[in-house]
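# Fold and geometry: a report
For reference, the chains in residue letters:
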Amino acid sequence: MNINYEKLAIEVGYSYLSGGYGYWEDGSGKIHSFDSMNNDYLKNCIDFVERGIKEINNDEYGITNDIKEYLSKMAKEPREKDIEYAKKQIVGILKGKKAELKECQKRRKSF
């Protein structure tokens, strides 16, 4: 399957990824640069990403079914290994966003 896993992640509920590198899209669709965030907001974003990773790893809120549903729209009926692979890819994307946020946080602490 040729899947854009970042798009899949956005479709299944991780819309904050829409902001792109160094940015965060909030629930109302407003995009914030990491540099414009205060420390509390930045920490909240990190916590939010951590909850997303936990949701996927623990199959909370039926996330596996959501992923399967969206994969079905993008390709033929996905196999179990396709769904598990998609979950791993999305977790990797979320970990990347968390690393971006933490790097911004680290830069602030070094000043």
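Residues numbered from 1 in each chain as written. Predicted model: local features only at pLDDT ≥ 70, side-chain atom pairs only at ≥ 80, totals over all residues. Heavy atoms only, no water.

## Thoughts on the overall build of the chain
- Counting secondary structure elements, the chain contains four helices and two strands.
- In sequence order, the chain lays out its α and β elements as α-β-β-α-α-α.
- With respect to the principal axes defined by its C-alpha atoms, the chain has extents near 50 × 25 × 25 Å.
- With 111 residues in all, the chain has 36% of them scored as buried.
- A separation of at least 24 residues holds for 63% of the contacts in the chain among residues at least 6 apart in sequence.
- Counting every atom, the chain has about 6,900 Å² of accessible surface; 47% of that belongs to carbon and sulfur.
- Taken together, the 20 basic and 19 acidic charged side chains of the chain have centroids lying 4 Å from each other. (Helix = DSSP H or I, 4+ residues; strand = E, 2+ residues; numbered from the N terminus. Buried < 20%, exposed > 50% of the residue type's maximum accessible area, 1.4 Å probe, protein only. Contact = heavy atoms within 4.5 Å. Areas by Shrake-Rupley, 256 points an atom, 1.4 Å probe, with all protein chains shown as cover. Lys, Arg positive; Asp, Glu negative; His and termini not counted. Charge placed at Lys NZ, Arg CZ, Asp CG, Glu CD.)

## Brief notes about the pattern of salt bridges
- Per the counting criterion, the structure on display carries nine salt bridges.
- Linking Lys68 and Glu77 is a salt bridge whose minimum nitrogen-to-oxygen distance equals 3.8 Å.
- Between Glu69 and Lys73 there is a salt bridge, with the nearest N and O atoms lying 3.8 Å from each other. Placement of the pair is Glu69 and Lys73 together in helix H3 (residues 63-74), with a separation of four residues, close to one helical turn.
- Under the relative-accessibility criterion, Glu69 is labelled partly exposed at 43%. (Salt bridge = Lys/Arg side-chain N within 4 Å of Asp/Glu carboxyl O.)

## Considering the state of the cysteines
- A complete count under the given rule lists zero disulfides for this structure.
- The cysteine Cys45 is free of any disulfide, with Cys104 supplying the nearest cysteine sulfur at 9.9 Å.
- Taking the relative accessible area as the measure of exposure, Cys45 reaches 2% and is therefore buried.
- Residue Cys104 is classed as buried on the basis of its relative accessible area of 1%. (Disulfide = S-S within 2.5 Å.)

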